[in-house]
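So the chains spell out like this:
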Amino acid sequence: MTATSDLRLPARTDDGLATDRGPRAEGPPARPAGLDAGSPARTASPGGGAAGPASGEGEERYDIVGVGFGPSNMALAAACSEDPGAQHAVFFDAAEGPSWHEGMLLPDAGLQVSFAKDLVTFRNPTSSLSFLNFLVERGRIHDFFNRGSSAPLRVEFFAYLRWAAERLAEYVRYRHRVTAVQPQRSGETITGYRVTVEGPEGVSTVLARHVVVAAGLQPNVPEGLPEDERVLHTSRYLHRVEGLGEVRSAVVLGGGQSAAEVALDLRSRFPDARVHLVHSRFGIVPADSTPFANRIFDNTSIDRLYEAPEEVRERLGRIHANTNNSVVHESTIQALYDAWYADSWAGRERIVFHDASRIAGVEPSEDGLDVAVRNDLDGDVEHLRSDVLALGTGYRPLDLRALLGEDADLLARDAEGRVVAERDYSVRWQAPAEGRLVAVGITQHQHGVSATLLSNIALRAGEILASLTGERAGAAR
Ligand SMILES: Cc1cc2nc3c(=O)[nH]c(=O)nc-3n(C[C@H](O)[C@H](O)[C@H](O)COP(=O)(O)OP(=O)(O)OC[C@H]3O[C@@H](n4cnc5c(N)ncnc54)[C@H](O)[C@@H]3O)c2cc1C
């Protein structure tokens, strides 16, 4: 066995799936003042935006530089496009083009939130960038509402994001990976940031007054697993499953939404396969998407959580983790049970549930993977021969050190070593800072469970922009 002791998972094993349920739109978005993707270097801040930091020779200079162009920063770009202050902003994304969890875009998987939790509606219900406007432009509004669910399909939401990205194209440079963000100083005061970017044309730097990092969550891979193409995290599931060849036996690790979806997909994709679902709980735990629990995603709740004493926030976070972390939507639980029931009626066990269990080791061989599964109830260890091990082991927040390097030592941290952020999601520096570094998706410990989700992106983007420009957010709080 490659690993003889239990595989160690980082503390958080959530699936990154929200469960709040929850409305929106005309005319093209305002052209971002003074920004053309791939335009030559600019050194002036047009449209009355904030003055930039001291400029190096030939470096472009922006009011706002965004790291990543997933839904969080797309919502910010949408807010910029509708802002009369006309911020000079650019967003870099390492991907080839618009992307959103392609590895898990299973054809019938649904969003865990209402269509109204789109890029704009809660901030500006009259925005042309709403999901409703997308439906109208695509001629699908009747079909969508006749279906009777407020939650779009995941593939449908991704089509919406691609549609919105086209309308925000002037803000984004794809195939540009940000590799470093370096505070710039005047004396002790951080006045802005130099951002290093690797793109098709090589390495370049730009200067930013403010930086907004929304680089998403990182796949959580347990330690001690062999490097083997048959071991894959669910974030890469659809990229890899086609290349697996014939699967007769599969192991899926995890008790959250992704693990459940992958188990079901493997079962239907490989009719002769047996799928082992290994998870640490007794039963699959349903996501709490009931109305009172859903209030935890409201903006006013974020205010209250942020202001609350830390121990209260932690306690409530633990109680309501089941709105998102390591839980499964009720319809998916039903589908799992129905599949198991139909198989058992036919005298076959095609999904095997290993409750209260964990993986104790994995040994690859030519013949497949030998996966040792230990049951916590009786201590028994079972060896499963498997053609694939899919890790539905969730996601973890980005470590800002990857971008800041040693400057990360200047970040204020709490007793647990977590980065301390202001209510506007900007990190607190142990130095005076005029230029702000906003970090989205890493502050669940202060802003609550919505920090990593779609639930609040439109309002959050409005708040961030208002804060960076010194305005009051005019949002439907
Ligand atoms: C399968 C799945 C389904 C989900 N479904 C839901 C749901 O239904 N409801 C919900 O509320 N939440 C859901 N989530 C949670 C998810 O976090 C949000 O859907 C959303 O993707 C968050 O947007 P984001 O922009 O913060 O991050 P991401 O969508 O992860 O986008 C980050 C972007 O940053 C780019 N990037 C990363 N590093 C760099 C760098 N150094 N330089 C340049 N670019 C970089 C990436 O290419 C990517 O485009 C789901 C998550 C998963 C994994």
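Structural data are supplied above this passage.
Residues numbered from 1 in each chain as written. Predicted model: local features only at pLDDT ≥ 70, side-chain atom pairs only at ≥ 80, totals over all residues.

Some points on helix H6 (residues 257-269)
One turn of the α-helix equals 3.6 residues, which is why residues spaced by three or four share an orientation.
Piece 1. With 13 residues, H6 should reach 18 Å at 1.5 Å per residue; the first-to-last C-alpha distance of 18 Å fits that figure.
Piece 2. Within H6, eleven of the 13 residues are buried, which leaves the element mostly enclosed by the surrounding structure.
Piece 3. Every buried residue belonging to H6 is among Gln 257, Ser 258, Ala 259, Ala 260, Glu 261, Val 262, Ala 263, Leu 264, Asp 265, Leu 266 and Arg 267, and all of these are buried.
Piece 4. Buried residues along H6 sit in contact with helix H5 (237-241), strand E9 (249-253), strand E10 (274-278), helix H10 (330-345), strand E11 (351-354) and strand E15 (388-391). (Helix = DSSP H or I, 4+ residues; strand = E, 2+ residues; numbered from the N terminus. Expected span 1.5 Å × (residues − 1). Buried ≥ 20, exposed ≤ 12 C-beta atoms within 10 Å, placed from the backbone. Contact = placed C-beta atoms within 7 Å.)

Focus on unusual backbone geometry
Piece 1. The residue His 101 is not glycine, and still its phi comes out positive at about 45°.
Piece 2. In this structure, His 101 sits in the loop between strand E2 (89-92) and helix H2 (131-138).
Piece 3. One non-glycine residue, Tyr 425, adopts positive backbone phi at about 70°.

Here's the deal with the sheet that holds strand E14 (residues 381-386)
Piece 1. The strand order across the open sheet built from three strands is E12-E13-E14, with neighbouring strands paired in antiparallel fashion. At either margin of the open sheet sits one strand with a lone partner, and together these are strand E12 (357-365) and E14. Ignoring strand direction, the axes of neighbouring strands in this sheet form an average angle of 20°.
Piece 2. Two strands pair when backbone bridges link them, and E12 and strand E13 (residues 368-375) are joined in this way by eight bridges, in the antiparallel orientation. By the bridge assignment, Val 362 is partnered in E13 with Val 371. (Pairing = 2+ DSSP bridges. Axes fitted to C-alpha atoms, helices over the stretch in contact; angles between N-to-C directions.)

Things to note about the packing of helix H1 (residues 71-81) against helix H13 (residues 457-468)
Packed helix pairs are characterised by how far apart their axes lie and by the angle those axes make with each other.
Piece 1. As a packed pair, H1 and H13 sit with axes 8 Å apart at the nearest point and diverge in direction by 55°. What the angle tells us is that H1 and H13 run oblique. Crossing hand, H1 versus H13: right-handed. Residues Pro 71, Ser 72, Ala 75, Leu 76, Ala 78, Ala 79 and Cys 80 of H1 pack against Ile 457, Ala 458, Ala 461, Gly 462, Ile 464 and Leu 465 of H13.
Piece 2. Partitioned by chemical class, the residues of the contact of H1 with H13 number eleven nonpolar, two polar and no charged. (Parallel < 35°, antiparallel > 145°, perpendicular 65-115°, else oblique. Left-handed = near helix turned anticlockwise from the far one by under 90°. Nonpolar A, V, L, I, M, F, W, Y, C, P; charged D, E, K, R; others polar.)

Bear in mind that shape data such as this cannot, by itself, settle questions of function.
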